[in-house]
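If you want the building blocks of each chain, they are given just below.
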Amino acid sequence: MATAPRELTRSYFLGKLARELEQRGFAVDLRPAPPSLKVSAPEAALLNETVDCVSLEGGWFYRWSWGEVVESADDPDAAATLIAKVLGAR
């Protein structure tokens, strides 16, 4: 079964965020269905969050597991900075 274009777009943006978070020392797990990113803090693997990527008015956005927008998917660096802050990483 072919992957839908929207799922490919989500995976693309989540992959960009994963690279930013890995550079900051986070463990990341890109999950394929539905595309999402499990992010674990470097000092405390039990401290983790799932981030997804959604199309909203104005473009694509990273979103916390509770539905609040993290940041525009056009700025994975800013999203990674905020996620690091929330998960308590330095």
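Structure's up top.
Please read all numbers here as calculations on a predicted model, not as lab measurements. (Residues numbered from 1 in each chain as written. Predicted model: local features only at pLDDT ≥ 70, side-chain atom pairs only at ≥ 80, totals over all residues. Heavy atoms only, no water.)

## With respect to the overall build of the protein chain
Part 1 of the reasoning: Check the secondary structure of the protein chain and you find two helices and five strands.
Part 2 of the reasoning: Put simply, the protein chain runs from its N terminus to its C terminus through helices and strands in the order α-β-β-β-β-β-α.
Part 3 of the reasoning: For 90 residues, the compact-globule estimate of 2.2 N^0.38 gives 12 Å, and the protein chain sits close to it at 12 Å.
Part 4 of the reasoning: For the protein chain, the spread of C-alpha atoms along the principal axes amounts to about 40 × 30 × 25 Å.
Part 5 of the reasoning: Evaluated residue by residue, the protein chain yields a buried proportion of 38% over its 90 residues.
Part 6 of the reasoning: Taking as baseline every contact in the protein chain between residues at least 6 positions apart, the subset at least 24 positions apart corresponds to 34%.
Part 7 of the reasoning: Counting every atom, the protein chain has about 5,400 Å² of accessible surface; 53% of that belongs to carbon and sulfur.
Part 8 of the reasoning: Charge-centre separation for the protein chain: the mean point of 10 positive side chains lies 3 Å from the mean point of 13 negative side chains. (Helix = DSSP H or I, 4+ residues; strand = E, 2+ residues; numbered from the N terminus. Rg over C-alpha atoms; globule rule 2.2 N^0.38 Å. Buried < 20%, exposed > 50% of the residue type's maximum accessible area, 1.4 Å probe, protein only. Contact = heavy atoms within 4.5 Å. Areas by Shrake-Rupley, 256 points an atom, 1.4 Å probe, with all protein chains shown as cover. Lys, Arg positive; Asp, Glu negative; His and termini not counted. Charge placed at Lys NZ, Arg CZ, Asp CG, Glu CD.)

## Side note on the environment of lysine 85
Part 1 of the reasoning: Note that lysine 85 resides in helix H2 (residues 76-86).
Part 2 of the reasoning: A relative accessible area of 66% means that lysine 85 is categorised as exposed.

## Focus: the sheet that holds strand E1 (residues 27-32)
Part 1 of the reasoning: The five strands lie next to each other as E1-E2-E3-E4-E5, forming an open sheet whose pairing is antiparallel. Of all the strands in the sheet, the pair left with one neighbour each is E1 and strand E5 (69-72). Geometrically, the sheet is characterised by an average inter-axis angle of 25 degrees between neighbouring strands, direction not taken into account.
Part 2 of the reasoning: Its contacts with the sheet put helix H1 (residues 5-23) on E1, strand E2 (35-40), strand E3 (48-56) and strand E4 (59-64), and the angle it makes with E2 is roughly 15 degrees.
Part 3 of the reasoning: Sheet strands touched by H2: E2, E3, E4 and E5. Its angle to E5, the strand with the most contacts, is close to 155 degrees. (Pairing = 2+ DSSP bridges. Axes fitted to C-alpha atoms, helices over the stretch in contact; angles between N-to-C directions.)

Geometric descriptors of this kind do not, in isolation, establish any biological role.
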